[in-house]
Amino acid sequence: MPSVTDLHYVSLAVPDLAAERRFFGETWGLIEVAEQDGKVYFAAEGMPHPYVIVLRENEERMTDLIGFSAESREDVDALFEQVKASGSKIISEPGPADGPAGGYAFRFFDPDGRAMEVISDTTPREFRELDKGEAIPIGISHVVFHSPDHKGLANWFENALGFRLSDWIGEFMVFLRCNKAHHRLAILPGPPALNHIAFDVSSVDEMMRGLARMHRNDVELSWGPGRHTAGNNTFSYFLTPNGNAVEYTSDLEEVDEETWEVTHYEATPDITDQWGTGRIITGNVPHAEMSPDKALWQVPA
Ligand SMILES: [Fe+2]
């Protein structure tokens, strides 16, 4: 069964582009790599993806597009058939991709109406190994969505895009992978919206240094620092100037496909915060979007 192989990028529309651009490019530690058709593209230093965040200006904050990588054009074609067979509404059939790195892609809506792209053959960028203590993203790590039918949506990601189930927390949060990383996607109940975008940093050390840099730049810590249970990754959450939730994470567990067994963790109050530090410092109040994304069922600009 064909499967996507990675989370490629998240494309966001924001009212204050200048502030968001400064945040991602200067404070958060991505690199601005291109500007084209009113969109600004950012890459991460430690990853070959040509871009991981795309920004454009818009009256409303919304999530334009989520991009997933496929291995080859053949896989893009096979995934297109699989997505079509799932009953999804197609935006565009496989063909030349938009954006500064070329490629071959198709677009569609997931069952909640989020616009998505599956893309292969983009021109990879040169990347480098980060220095010890360099508290900037290696790459994009995962996205978390809210869905009114989080179980149904998880099934859809398994059947349409080839995701595999990694773990559950209670009946409440489901973690899905498309490569050896424990999760590239997780889903929570709630109105259809983006909960957060996470970026991998090298270790817990860089996560803490990144947290301090956010503090020095007056970016408020919204939750953390701490270590999650499912995935065993560390976390600190912040809000961008336009209110997008972003996470520095490290040490995300790797999965051996042959031997992995799904754990259903009990949903205890400390389940998402092993160390208990998040509860002491910010309180156990993870960011939650309580209204539907403004971009649902809209063909991305
Ligand atoms: Fe996360």
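Since the model is a prediction, treat every value here as computed from it, not as a measurement.

Student: How should I be thinking about the overall build of the chain in this particular structure?
Tutor: Within the chain one finds five helices and 17 strands. Since a compact globule built from 301 residues should have a radius of gyration of about 19 Å, the 18 Å found for the chain is in line with a globular shape. Overall, the C-alpha framework of the chain stretches about 50 × 40 × 35 Å when taken along its three principal axes. When the 301 residues of the chain are sorted by exposure, 58% land in the buried category. Counting only contacts in the chain whose residues sit at least 6 apart along the sequence, the fraction spanning at least 24 positions is 68%. Summed over its atoms, the accessible surface of the chain is roughly 12400 Å², and 49% of this surface lies on carbon and sulfur atoms. In the chain, the 24 positive side-chain charges and the 49 negative ones have mean positions that sit 3 Å from each other.

Student: What's the story with the coordination of the iron ion in this structure? I'm lost.
Tutor: Tetrahedral metal sites with four donors have an ideal angle of 109.5 degrees; octahedral sites with six donors have ideal angles of 90 or 180 degrees. Coordination of the iron ion by the protein comes from His142 (NE2), His196 (NE2) and Glu247 (OE), over a distance range of 2.0 to 2.2 Å. Mapping the donors of the iron ion onto the primary sequence yields the spacing H-x53-H-x50-E. With histidine 142 in strand S9 (residues 139-147) and histidine 196 in strand S13 (residues 193-200), the pair connects residues that are 54 residues apart, well separated along the chain. The pair formed by histidine 142 and histidine 196 is uniform in burial state, with each residue classed as buried.

Student: It is not clear to me how the side chain of histidine 142 should be interpreted in this structure. Could you clarify?
Tutor: Look at histidine 142 and you get buried, because its relative accessible area is 2%. Side-chain polar atoms of histidine 142 contact the side chain of serine 141, separated by 3.0 Å. Reaching out from histidine 142, the side chain makes a polar contact with the side chain of glutamate 247 at a distance of 3.1 Å. Histidine 142 has contacts with Leu7, His183, Arg184, Leu185, His196, Ile197, Ala198, Asn233, Glu247 and Thr249, leaving out every residue within four places of it along the chain.

Student: What's the story with the UniProt feature "domain: VOC" (unreviewed entry) in the chain in this structure? I'm lost.
Tutor: Under the local residue numbering, the UniProt record ascribes the feature "domain: VOC" (unreviewed entry) to residues 6-121 and 139-251. Measuring from the first to the last C-alpha atom of residues 6-121 gives 13 Å, for a span that is 22% helix and 45% strand. Taken end to end, residues 139-251 is 22% helix and 46% strand, and its first and last C-alpha atoms sit 13 Å apart.

Student: What's the story with the domain arrangement of the chain in this structure? I'm lost.
Tutor: For an interface, size is often stated in terms of accessible area lost upon the parts coming together. If you check the domain split of the chain, you get domain 1 (6-120) and domain 2 (139-281). When each unit is reduced to the centre of its C-alpha atoms, the spacing between domain 1 and domain 2 is 20 Å. Across the boundary between the two partners, domain 1 contributes 37 residues, which contact 38 residues of domain 2. In this assembly, domain 1 packs against domain 2 so that about 2900 Å² is buried in total across both faces, 69% of it on carbon and sulfur atoms. Among the residues domain 1 hides against domain 2, the three largest losses belong to Leu7, Thr27 and Trp28. Together they make up 23% of the total.

Student: Even after reading the chapter, I still don't get the sheet that holds strand S2 (residues 31-36), so can you show me in this structure?
Tutor: Neighbouring strands of a sheet are bound in pairs by backbone hydrogen bonds; such pairs are parallel or else antiparallel. Pairing within the open sheet is mixed, and its eight strands lie in the order S2-S3-S4-S1-S5-S8-S7-S6. What marks the edges here is a single partner per strand, and that holds for S2 and strand S6 (90-96). The mean inter-strand angle of the sheet, taken between neighbouring strand axes irrespective of direction, is 20 degrees. Here strand S1 (residues 6-14) runs beside strand S4 (residues 53-57); their pairing, made up of five bridges, is parallel. Paired with alanine 13 across the two strands is arginine 56, which belongs to S4. Packed on one face of the sheet, helix H1 (residues 17-28) meets S1, S2, strand S3 (39-43) and S4 and runs near 160 degrees to S4.

Student: What should I look at first to understand helix H4 (residues 204-216) in this one?
Tutor: Three or four residues apart is the spacing at which side chains of an α-helix point the same way, because the helix has 3.6 residues per turn. Look at H4: 19 Å from first C-alpha to last across 13 residues, which is about the 18 Å you get at 1.5 Å a residue. Of all the positions in H4, only Glu206, Met207, Gly210, Leu211, Arg213 and Met214 are classed as buried. Taken end-on, H4 shows its buried residues confined to a sector of 165 degrees, consistent with a single buried face. Turned more than 90 degrees from where H4 packs its buried face, His215 and Arg216 sit exposed. Tucked into the core, H4 has its buried residues touching H1, strand S14 (221-227), strand S15 (234-239) and strand S16 (245-250). Residue serine 203 occupies the N-cap position of H4, its side-chain oxygen lying 3.1 Å from the main-chain nitrogen of aspartate 205. A positive backbone phi angle near 60 degrees is found at aspartate 218, which sits one or two residues after H4.

Reading the values: rules and limits
Residues numbered from 1 in each chain as written. Predicted model: local features only at pLDDT ≥ 70, side-chain atom pairs only at ≥ 80, totals over all residues. Heavy atoms only, no water. Helix = DSSP H or I, 4+ residues; strand = E, 2+ residues; numbered from the N terminus. Rg over C-alpha atoms; globule rule 2.2 N^0.38 Å. Buried < 20%, exposed > 50% of the residue type's maximum accessible area, 1.4 Å probe, protein only. Contact = heavy atoms within 4.5 Å. Areas by Shrake-Rupley, 256 points an atom, 1.4 Å probe, with all protein chains shown as cover. Lys, Arg positive; Asp, Glu negative; His and termini not counted. Charge placed at Lys NZ, Arg CZ, Asp CG, Glu CD. Donors = N, O, S within 2.8 Å, 3.2 Å for Na, K, Ca; no water. Polar contact = N/O pair within 3.5 Å; in protein donor to acceptor, adjacent residues only side chain to side chain. UniProt positions renumbered as here; feature names shortened; annotations may be inferred. Domains from an automatic or database assignment. Buried area = accessible area lost by both parts, 1.4 Å probe. Pairing = 2+ DSSP bridges. Axes fitted to C-alpha atoms, helices over the stretch in contact; angles between N-to-C directions. Expected span 1.5 Å × (residues − 1). Arc of directions from axis to C-beta.

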